[in-house]
Amino acid sequence: MIGLYVHIPFCAQKCNYCDFCSYPPLTQRQSEYCDALACEAMLYKDHGLHADTVYFGGGTPSLLNSSSIAKAMAAIHECFKVSADAEITIEANPCTVTAQKAADYRALGFNRVSLGAQSFIDSELSALGRLHSTADTQRSFDILRNAGFSNISLDLMYAIPTQDFSSLSTSVTKVLNLEPEHISCYGLKIEHGTPFAKMLERGAISEKTDDEYADMYEQICSSLTLAGYDQYELSNFSRPGFESKHNLKYWQGRQYIGLGASAASFYDGCRYTRTSDFDAYIASFANDERYELSIDELMSEFMFLHLRLTGLGASKADFRARFGKDIEDVFSKPLAKHLAAGTLVDKGDRYVLSKRAYYVSNSVLCDFV
Ligand code: SF4
């Protein structure tokens, strides 16, 4: 079984923190793009691939009109066998959700929506350059529920320049009031070349200190776990049974095919990345960067990704079955260092991060690379 990712690279406006590949949503371009997506899917038609997750991400997939989404979905069903019980997700921006679109998504087979709430403080949303308001998030969430979506994920951001612990607490409370099945939490990092980076340079905003960053993360983790959410991955929380099946494929090193400009695939031990140049993608979607991962890289990736899964961790038996070696033989040094430091725990059948390592996870995970 594979996961299918479909990249929709259109955004109504560039957010101040974003360094993703995205383009203005011109109608003509949308149609050309969906035609190219359908052609790209045809490349896999004779491979007999069976998908149990489909994920439309972006960009802003919910900006597209439903007929374009329908065209892409029809191509997927023509070229891949999609399980009857597949998890099929679409990302949505709260200001683009309408009752008609929500009904169309249900009719097209989507059974999960990931809604980019980010914050429930309007001044923070506007500082981020988001086009939606907290009222839009509430309204779109209600529309999705009324349309029958019983699996909704909300994105929440922390370490926003104008955010403090009190405003973060307000956002967390409002997220909990909506009772989503899944919550993803992302700490803002100011990336080179973004409007935020320029504002930082001229002193118009300041970045959170490492301590503030860790404290905000801790505030979110404790509030959400106290409310009964399971922190199944360092940045992801869910009600039991509502873990993101698609994203689990990334963390568990399973195969996935990405369709669309800048989309990545991991298939047959190789990573492929489509061009992020929109015109080049339309002209020749087969323009690929192909990279074959060495065994050493695959083993590092196994540890780096599996350790993000707070409960499942890195299974000793799975590692041995996959690489014919024991974790201890390959990673004796970082294991010894982090077991001694108490940042890793040996659970007998697997290694997991200790709770206090969640706040310094990058420094632990990097030692396995
Ligand atoms: S909506 Fe998402 S992809 Fe689009 S500009 Fe904002 S952060 Fe970037």
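Residues numbered from 1 in each chain as written. Predicted model: local features only at pLDDT ≥ 70, side-chain atom pairs only at ≥ 80, totals over all residues. Heavy atoms only, no water.

S.K.: I'm lost on the overall build of the protein chain in this one. Help?
M.R.: Of regular secondary structure, the protein chain possesses 15 helices and 15 strands. Taken over the C-alpha trace, the protein chain has a radius of gyration of 21 Å; the compact-globule value for 369 residues is 21 Å, and the two agree within 12%. Reported as C-alpha extents along the three principal axes, the dimensions of the protein chain are approximately 60 × 50 × 40 Å. Counting the 369 residues in the protein chain, one finds 53% classified as buried. With the model as given, the accessible surface of the protein chain reaches about 16,100 Å², and the carbon-plus-sulfur share is 51%. One finds the centroid of the 34 positive side-chain charges in the protein chain at a distance of 2 Å from the centroid of its 46 negative side-chain charges. (Helix = DSSP H or I, 4+ residues; strand = E, 2+ residues; numbered from the N terminus. Rg over C-alpha atoms; globule rule 2.2 N^0.38 Å. Buried < 20%, exposed > 50% of the residue type's maximum accessible area, 1.4 Å probe, protein only. Areas by Shrake-Rupley, 256 points an atom, 1.4 Å probe, with all protein chains shown as cover. Lys, Arg positive; Asp, Glu negative; His and termini not counted. Charge placed at Lys NZ, Arg CZ, Asp CG, Glu CD.)

S.K.: Quick question: what am I supposed to make of the pairing of strand E4 (residues 112-118) here?
M.R.: Consecutive residues of a regular strand have side chains that alternate between opposite faces of the sheet. Taking burial as the measure, the seven residues of E4 include seven buried ones, the bulk of the element. Of the two faces of E4, the one lined by Arg-112, Ser-114, Gly-116 and Gln-118 and the one lined by Val-113, Leu-115 and Ala-117 are each fully buried. Across four bridges, the pairing between strand E3 (residues 81-92) and E4 is parallel. Note on E4: the bridge partner recorded for Thr-89 is Arg-112. Summarising the sheet, E4 and strand E5 (residues 152-158) pair through four bridges and their orientation is parallel. Directly across from Ser-114, in E5, lies its bridge partner Ser-153. (Pairing = 2+ DSSP bridges.)

S.K.: Help me out: how do you make sense of the side chain of Thr-275 in this one?
M.R.: For Thr-275, the position within the fold is in the loop between strand E11 (270-274) and helix H10 (278-283). A polar contact is formed between the side chain of Thr-275 and the backbone nitrogen of Asp-277, at a distance of 3.0 Å. (Polar contact = N/O pair within 3.5 Å; in protein donor to acceptor, adjacent residues only side chain to side chain.)

S.K.: Would you take a moment to explain the sheet that holds strand E15 (residues 350-353) for this structure?
M.R.: Pairing between the strands of a sheet comes from backbone hydrogen bonds, and it takes one of two forms, parallel or antiparallel. Read from one edge to the other, the open sheet built from three strands follows the order E13-E15-E14, with strand pairing classed as antiparallel. Here the strands that pair on one side only, and so sit at the sheet edges, are strand E13 (314-315) and strand E14 (344-346). Two strands pair when backbone bridges link them, and E14 and E15 are joined in this way by three bridges, in the antiparallel orientation. Directly across from Asp-346, in E15, lies its bridge partner Tyr-351. The sheet strands contacting helix H14 (residues 332-341) are E14 and E15, and the helix crosses E14 at an angle near 100 degrees. (Contact = heavy atoms within 4.5 Å. Axes fitted to C-alpha atoms, helices over the stretch in contact; angles between N-to-C directions.)

S.K.: Is there a simple way to think about the packing of aromatic side chains in this case?
M.R.: This model, assessed by the stated rule, comprises 20 aromatic pairs. When the centroid spacing of 5.6 Å and the interplanar angle of 20 degrees are considered together, the rings of Tyr-33 and Phe-278 count as stacked. Placement of Tyr-33 in helix H1 (residues 27-42) and of Phe-278 in helix H10 is noted, with a sequence separation of 245 residues between them. As far as burial versus exposure is concerned, Tyr-33 and Phe-278 are alike and both buried. Aromatic side chains Tyr-256 and Phe-266 sit 6.4 Å apart centroid to centroid with 45 degrees between the ring planes, which places their arrangement in the tilted category. On the criterion of sequence distance, the pair formed by Tyr-256 in strand E9 (residues 256-259) and Phe-266 in strand E10 (residues 264-267) is long-range, its members being ten residues apart. Taking the relative accessible area as the measure of exposure, Tyr-256 reaches 10% and is therefore buried. One residue, Arg-106, lies across the ring of Phe-149, its end atom 5.1 Å from the ring centre. In this structure, Lys-189 packs its charged tip against the face of Tyr-213, placed 3.9 Å from the ring centre. (Phe/Tyr/Trp six-rings, centres within 6.5 Å; stacked < 30°, edge-to-face > 60°. Lys NZ or Arg CZ within 6 Å of the ring centre and 35° of its normal.)

S.K.: Could you clarify how one ought to interpret the packing of helix H6 (residues 165-178) against helix H8 (residues 210-226) in this entry?
M.R.: Angle between the axes and distance between the axes: these two values describe a pair of packed helices. Close contact between H6 and H8 brings their axes to 11 Å; oriented N to C, the two are set at 30 degrees. In terms of orientation, H6 and H8 fall into the roughly parallel class. For H6 against H8, the interelement crossing comes out right-handed. Residues Phe-165, Leu-168, Ser-169, Val-172 and Leu-176 of H6 form the contact with H8, whose participating residues are Glu-212, Asp-215, Met-216, Gln-219, Ile-220, Ser-223 and Leu-224. Of the residues contributing to the contact of H6 with H8, the split by class is seven nonpolar, three polar and two charged. (Parallel < 35°, antiparallel > 145°, perpendicular 65-115°, else oblique. Left-handed = near helix turned anticlockwise from the far one by under 90°. Nonpolar A, V, L, I, M, F, W, Y, C, P; charged D, E, K, R; others polar.)

S.K.: Help me out: how do you make sense of H6 in this one?
M.R.: Because an α-helix completes one turn every 3.6 residues, residues spaced three or four positions apart along the sequence face the same direction. The end-to-end C-alpha distance of H6, which contains 14 residues, comes to 20 Å, matching closely the 20 Å that a straight helix rising 1.5 Å per residue would cover. Buried residues of H6: Ser-167, Leu-168, Ser-171, Val-172, Val-175 and Leu-178, and no others. All buried residues of H6 lie within an arc of 140 degrees about the axis, which places them on one face of the element. Exposed residues pointing more than 90 degrees away from the buried face of H6 are listed as Ser-166 and Asn-177. Turning to H6, the residues buried within the fold contact helix H4 (122-128), helix H5 (134-146), E5, strand E6 (182-187) and H8. A distance of 3.1 Å separates the backbone nitrogen of Ser-166 from a side-chain oxygen at the start of H6, and that oxygen is part of Asp-164. (Expected span 1.5 Å × (residues − 1). Arc of directions from axis to C-beta.)

S.K.: How should I be thinking about the domain arrangement of the protein chain in this particular structure?
M.R.: Accessible area lost when the parts come together is the quantity often used to give the size of an interface. Looking at the protein chain, the domain boundaries give domain 1 (2-250) and domain 2 (295-369). Spacing between the C-alpha centres of domain 1 and domain 2 amounts to 29 Å. Of the residues lining the interface, ten residues belong to domain 1; the matching set on domain 2 comes to ten residues. Regarding the contact of domain 1 and domain 2, the summed buried area is about 890 Å², with carbon and sulfur atoms giving 62% of it. Looking at the side of domain 1 facing domain 2, the largest losses of area belong to Gln-231, Glu-233 and Leu-234, adding up to 50% of the total buried there. At the junction of domain 1 with domain 2, the criterion picks out one salt bridge. Ionic pairing is found between Arg-308 and Glu-233, a salt bridge with its closest N-O pair at 2.4 Å. Scanning the region where domain 1 abuts domain 2 turns up five residue pairs in polar contact (both at pLDDT 80 or more). Here the residues of the side of domain 1 that touches domain 2 are counted per class, giving six nonpolar, two polar and two charged. (Domains from an automatic or database assignment. Buried area = accessible area lost by both parts, 1.4 Å probe. Salt bridge = Lys/Arg side-chain N within 4 Å of Asp/Glu carboxyl O.)

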